[in-house]
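Remarks on the overall topology
These are the residues of each chain, in order.
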Amino acid sequence: MDTLPRAAAPRAQTDQELDARAQAVLGGGSTHIVRSYRPRIYVVRAQGSRKWLIDGRELVDYTMGHGALLFGHSHPEITAAVAYQAARGTHYGAANEAEIEWAERIARMVASVERVRFTSSGTEATLLALRLARAFTGREMVAKLVGHFHGWHDAVQVDGHGGPAGIPEETASLTRVVDPALPAVLDQALGDGKVAALILEASGAHYGGTPLPPGFVDQARELCTRTGTLLVVDEVVTGFRVARGGMQELLGVRPDLSTFAKAMAGGLPGGAVGGRAAVMDLLGPAREGAEPVVEHPGTFNANPLCAAAGCAALRLIEETDAIERTSATAAELEAVWRDRLRAQGVPGSVRRLASIVHCELNDPDAAARLPALMREAGVDLFRTSAFVSTAHDDADIELTATALDHSLARLAAGS
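The following paragraphs examine the structure supplied in this document. (Residues numbered from 1 in each chain as written. Predicted model: local features only at pLDDT ≥ 70, side-chain atom pairs only at ≥ 80, totals over all residues. Heavy atoms only, no water.)

Compared with the 22 Å implied by 1.5 Å per residue over 16 residues, the 23 Å span of helix α5 (residues 122-137) between its first and last C-alpha is a close match. Turning to α5, its buried residues are Gly122, Thr123, Ala125, Thr126, Leu128, Ala129, Leu130, Leu132 and Ala133. For α5, the side-chain oxygen to backbone nitrogen distance between the N-cap and Glu124 is 3.2 Å, and the N-cap itself is Ser121. Once α5 ends, the next one or two residues include Gly138, with phi positive near 75°. (Helix = DSSP H or I, 4+ residues; strand = E, 2+ residues; numbered from the N terminus. Expected span 1.5 Å × (residues − 1). Buried < 20%, exposed > 50% of the residue type's maximum accessible area, 1.4 Å probe, protein only. Polar contact = N/O pair within 3.5 Å; in protein donor to acceptor, adjacent residues only side chain to side chain.)

A few words on helix α13 (residues 304-319). In an α-helix there are 3.6 residues to a turn, and that puts residues three or four apart on one side. Here α13 contains 16 residues, and its C-alpha end-to-end distance of 22 Å stays within 8% of the 22 Å for a straight helix at 1.5 Å per residue. Of all the 16 residues making up α13, 13 are buried; the element is thus mostly covered by neighbouring parts of the structure.

So, about the pairing of strand β8 (residues 230-234). Within β8, five of the five residues are buried, leaving the element largely enclosed by the surrounding structure. Neither face of β8 is left uncovered, since the one carrying Leu230, Val232 and Asp234 and the one carrying Leu231 and Val233 both have all their residues buried. In this sheet, β8 lies alongside strand β7 (residues 195-200) in parallel orientation, the contact comprising four bridges. Pairing of Ile199 across the sheet is with Val232, part of β8. Bridge analysis of β8 against strand β9 (residues 257-260) gives three bridges, and the strand direction is parallel. By the bridge assignment, Asp234 is partnered in β9 with Thr259. After leaving β8, the chain enters helix α11 (residues 246-251) and then returns to the sheet as β9, a path that is right-handed. (Pairing = 2+ DSSP bridges. Right-handed = clockwise from strand over helix to strand, strands pointing away.)

Once that is clear, we can look at the side chain of Asp380. Within the fold, Asp380 resides in strand β13 (residues 379-380). Owing to a relative accessible area of 2%, Asp380 belongs among the buried residues under this scheme. One polar contact links Asp380 to Arg375, side chain to side chain, over a distance of 3.4 Å. Those residues within four positions of Asp380 in sequence are excluded, and the remaining contacts are Tyr37, Ile41, Lys51, Leu59, Val60, Asp61, Tyr62, Thr63 and Arg375. (Contact = heavy atoms within 4.5 Å.)

What follows concerns the sheet that holds strand β6 (residues 175-178). Strand order in the open sheet made by the seven strands is β4-β10-β9-β8-β7-β5-β6, with mixed pairing throughout. Looking at strand neighbours, the two that pair on one side only are β4 (115-119) and β6, the edges of this open sheet. Within this sheet the neighbouring strands show an average axis-to-axis angle of 20°, counted without direction. As paired elements, strand β5 (residues 141-145) and β6 share four bridges and run parallel to each other. Within the sheet, the bridge partner assigned to Leu145 lies in β6 and is Val178. In the packing of helix α10 (residues 216-227) onto the sheet, the strands contacted are β5, β7 and β8, and the crossing angle to β7 comes to about 165°. (Axes fitted to C-alpha atoms, helices over the stretch in contact; angles between N-to-C directions.)

Encoded structure:
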């Protein structure tokens with residue numbers, strides 16, 4: 001039953017009409033570069049593993065809020081927590097108990113975390129982590145790995161060939177970019193003692209899409225310790241999804257700082273930095289004779305609404321078998337995708353990290369076309385990857401298999 005007030009119900013329009021309106025008022029015609037594909041889809045409702053478009057179509061959803069929705073759309077316990085809090089206020093302009101519980105849950109699940117500071121997004125979390133590392137070490141340089149994504153701020157958008165438009169060369173020069181396929185280069189990048197932090201996706205670039213060489217993270221940890229460089233592990237996507245303690249738990253590595261977002265906030269905006277007390281305590285307040293503090297405001301940091309969703313989601317992650325169940329479902333999806341590629345004779349590969357499945361086609365043009373074909377066939381992927389939730393079931397896997405068969409056949413036929 002639709003419980004939206006009549007005045008809030010969407011007006012009947014087509015995707016094309018909405019797209020025209022978007023082009024007139026939104027920079028670039030969209031609100032996220034990943035959602036700027038064509039033909040664009042407009043969603044009016046989502047529940048569980050499905051979402052419904054303004055033209056009435058129903059899609060199996062594997063974008064899952066860009067990986068934020070481990071429990072699918074509108075999970076009843078998370079929805080109830082948000083509704084309960086919304087009725088009691090969405091922003092107090094003061095501290096609240098939920099922010100403490102949220103931090104306590106993170107610290108309990110992630111062994112390396114002694115203190116937590118909340119932000120409103122993953123990008124803000126990595127920005128704050130690098131600022132803390134610079135303040136703690138007194139160094140200006142940072143290092144990252146080729147292809148690893150840490151948000152859109154200046155220091156991490158550099159990827160080996162300067163920076164995108166809007167990033168000055170002087171700023172780009174403060175980031176050293178290392179190819180993880182050349183381990184000796186990492187030693188050279190950190191060896192002069194000028195790098196404050198090495199930030200990386202411990203899963204490999206794009207949440208496991210391009211895995212790191214075996215032992216690379218252990219080598220990075222040892223090298224950071226030896227050179228006084230802080231190791232920052234980006235768990236924005238992997239945190240609380242691949243394991244309760246994140247990718248660092250699976251690898252047995254203990255970073256100095258970690259960054260989180262997505263699953264930790266239950267589908268609402270939220271990010272966090274967590275790590276060693278000695279580093280995190282630079283966040284103040286200022287004390288006479290103490291180290292200079294890192295000032296970090298943020299109007300919506302750990303606001304009650306997001307904290308309520310985050311606490312509900314982390315409780316479910318900690319106390320249920322959600323991670324194990326989603327990983328098992330993703331293993332079924334992985335097997336189906338691999339079988340369909342083989343049956344259709346399409347060159348490519350399938351890779352899985354817990355509940356994240358990556359499909360890579362050897363032909364770049366085919367890979368670029370696959371998401372649109374899958375949407376036409378009733379399945380929405382995140383590029384050519386899938387985030388599996390607890391809401392996905394055998395019916396979703398079966399529909400996905402049919403959609404993939406149809407899409408691969410069209411690619412083979414050039415249609």
